[in-house]
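# Reading the structure
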Amino acid sequence: MMIGFANTRLPAQSSPPWLDPYRDPAARLIGEATGDTFAWNRLSVLTDSIGNRLSGSPQLERAIEWSVAEMKRDGLENVHTEKVMVPHWVRGSESAEIVEPARHQMVMLGLGNSIGTRPEGLQADVLTVHSFNELEAAGPQAKGKIVFFNVPYTAYEETVTYRSDGPSRAARLGAAAALVRAIGPPGLRTPHTGTLQYTPDAPRIPAAAITTEDADRLQRIAARGGRLVVRLKMDAHFEPDAESANVVGELRGREKPEEVVVIGGHIDSWDVGAGASDDGGGCVVTWEALRIMKKLNMRPRRTVRVVLWTNEENGTRGGNAYRDQHRAELANHVMMLESDNGVFRPIGFGFSGGETARQKLKAIASLLRGVGADAIIPGGGGADINPSTREARIPGLALAVDESKYFLIHHTPADTVDKIDAVEMAKCAAAIAVMTYVVADLPERLE
């Protein structure tokens, strides 16, 4: 099905002369990426036929095997896996309910890497707090209680600390368990999971996220001054580390194959939903850039490498393993790009690097005006590329999209492929393909 932009020659703008030879290649890449729904269809196969892909799960290993086979079918080069040992956290059965003043079942998700409760569960009074300052002020009142962090979502970067750090901070005061209001906007009683970070100076206590609706109910009960008791039951535990892998495929450079542009996303996901937006879509749209270059016989000067990293969600071992396994060649990495903010309407790229490179990228981004992805903004990091870019001072990019719908489904059972628009996803693939191709083909490397 034709979805726009095919065979569209990009109009010349006020731009440096070196950009002119890339106008027609950019138009071809955009036309190919947006000419059908190939990327969305591939994502639907991954999410429907394999499903969610938590580290250590059989589904993740099936996804890795499938990716290798599909990359080879696409004609990519040097397709292989690179072994990574990953944590194997198992959620198990879980439940939470209000016991007093009346019984109400709550919708919950245990936080990633949490310990479980005793087999019979844990029942305790609830202490509601709205900030870490309020928790500290409560002091001894937290002992033996379930501390409930009822902090309304503002922005992910501001609110996520209550999920990651809250359990240990409550445990230092003697709390028996922690509940966290969903780290996301209200979403029709949808809980959001995600990783917590236990600290060595505090006991490990069970922790779970509850929905905004259940959080509001707890708050109303607490405000009335009556006794509030919750029962929490979680079978969460760790199995021994499991073998997994990063998936790698390449399009070898025609003149400078030793210099590399790396793009990718993370192939693992949480064990709820289908991992469509986080981050199956990011894997597919970066992979798509190589596929369409290969299909159009557009081989840039430098090697373009796609990496589907494993274990971003609850360990980041894939990104660290890539840095360690490729340390000897990091100096030849010209750029690294990660797509892990969803594949909604693209607006451009976040960038971390020097001013000379920024100006060059702004010129390249002008080729993407037709798909609305011509902004270069701060913030070119990503959990998987950061270990390498920071060690070797490699310019870093991140696909920037309209995130208004992303955190509504982020880490939830609602992260399914039907939430993703095929046209927007195709534009994401087009933006990545153009940016990657031009950077990889420039006579001089990005500095």
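Scroll up for the structure.
A short tour of the structure in this document, coming up. Please read all numbers here as calculations on a predicted model, not as lab measurements. (Residues numbered from 1 in each chain as written. Predicted model: local features only at pLDDT ≥ 70, side-chain atom pairs only at ≥ 80, totals over all residues. Heavy atoms only, no water.)

### Examining the packing of helix α9 (residues 276-295) against helix α14 (residues 422-441)
The contact between α9 and α14 brings their axes to 8 Å, and the two run at 55 degrees. Of the possible angle classes, the one that applies to α9 and α14 is oblique. Judged by the sense of rotation from one axis to the other, the crossing of α9 with α14 is right-handed. For the pair formed by α9 and α14, the contact residues are G281, V284, V285, T286, E288, A289, I292 and M293 on the first element and M425, C428, A429, I432, A433, T436 and Y437 on the second. Residue composition of the contact of α9 with α14, grouped by class: 11 nonpolar, three polar and one charged. (Axes fitted to C-alpha atoms, helices over the stretch in contact; angles between N-to-C directions. Helix = DSSP H or I, 4+ residues; strand = E, 2+ residues; numbered from the N terminus. Parallel < 35°, antiparallel > 145°, perpendicular 65-115°, else oblique. Left-handed = near helix turned anticlockwise from the far one by under 90°. Contact = heavy atoms within 4.5 Å. Nonpolar A, V, L, I, M, F, W, Y, C, P; charged D, E, K, R; others polar.)

### As for the pairing of strand β2 (residues 94-100)
Alignment of β2 against strand β9 (residues 229-234), held across six bridges, turns out to be antiparallel. Counterpart to A96 in the pairing with β9 is L232. Pairing of β2 with strand β3 (residues 104-106) involves three bridges; the strand directions are antiparallel. Each residue of the ladder has a partner; that of E97, found in β3, is Q105. The hairpin formed by β2 and β3 contains three residues between the paired strands. (Pairing = 2+ DSSP bridges.)

### Points about the pattern of salt bridges
Applying the stated criterion across every chain yields a total of 35 salt bridges. Of the charged contacts, one joins R181 and D216 as a salt bridge, the two residues approaching to 2.9 Å between their closest N and O atoms. Taken as a pair, R181 in strand β7 (residues 177-181) and D216 in helix α8 (residues 212-223) lie far apart in primary sequence, 35 residues in all. What makes R181 buried here is its relative accessible area of 9%. In this structure D216 comes out as partly exposed when scored by relative accessible area, which is 32%. Between D241 and R317 there is a salt bridge, with its nearest N and O atoms 2.8 Å apart. Highlighted residues: D241 in strand β10 (residues 237-251) and R317 in helix α10 (residues 317-325), separated in sequence by 76 residues. Within the structure, one salt-bridge network assembled from shared partners comprises R42, E70, R73 and D74. (Salt bridge = Lys/Arg side-chain N within 4 Å of Asp/Glu carboxyl O. Buried < 20%, exposed > 50% of the residue type's maximum accessible area, 1.4 Å probe, protein only.)

### Some remarks on the state of the cysteines
Overall, the coordinates contain zero disulfides when judged by the stated rule. Residue C283 stays outside any disulfide, its sulfur separated by 14 Å from that of C428, the closest cysteine. (Disulfide = S-S within 2.5 Å.)

### Topic: the sheet that holds strand β6 (residues 146-149)
Strand order in this open sheet of eight strands is β3-β2-β9-β5-β6-β7-β8-β4, and the pairing throughout is mixed. Here the strands that pair on one side only, and so sit at the sheet edges, are β3 and β4 (108-110). The sheet shows a mean angle of 30 degrees between the axes of neighbouring strands, direction not considered. As paired strands, strand β5 (residues 122-129) and β6 are joined by four bridges and run parallel to one another. Pairing of L127 across the sheet is with V147, part of β6.

### Some remarks on α8
Its 12 residues place the ends of α8 16 Å apart at the C-alpha level, agreeing with the 16 Å of an ideal helix rising 1.5 Å per residue. Within α8 the residues assigned to the buried category are T212, D214, A215, L218 and I221. Looking at the buried residues of α8, the elements they touch are β2, β3, β6, β7, β8 (207-210) and β9. Remark: G225 follows α8 within two positions and exhibits a positive phi of approximately 90 degrees. (Expected span 1.5 Å × (residues − 1).)

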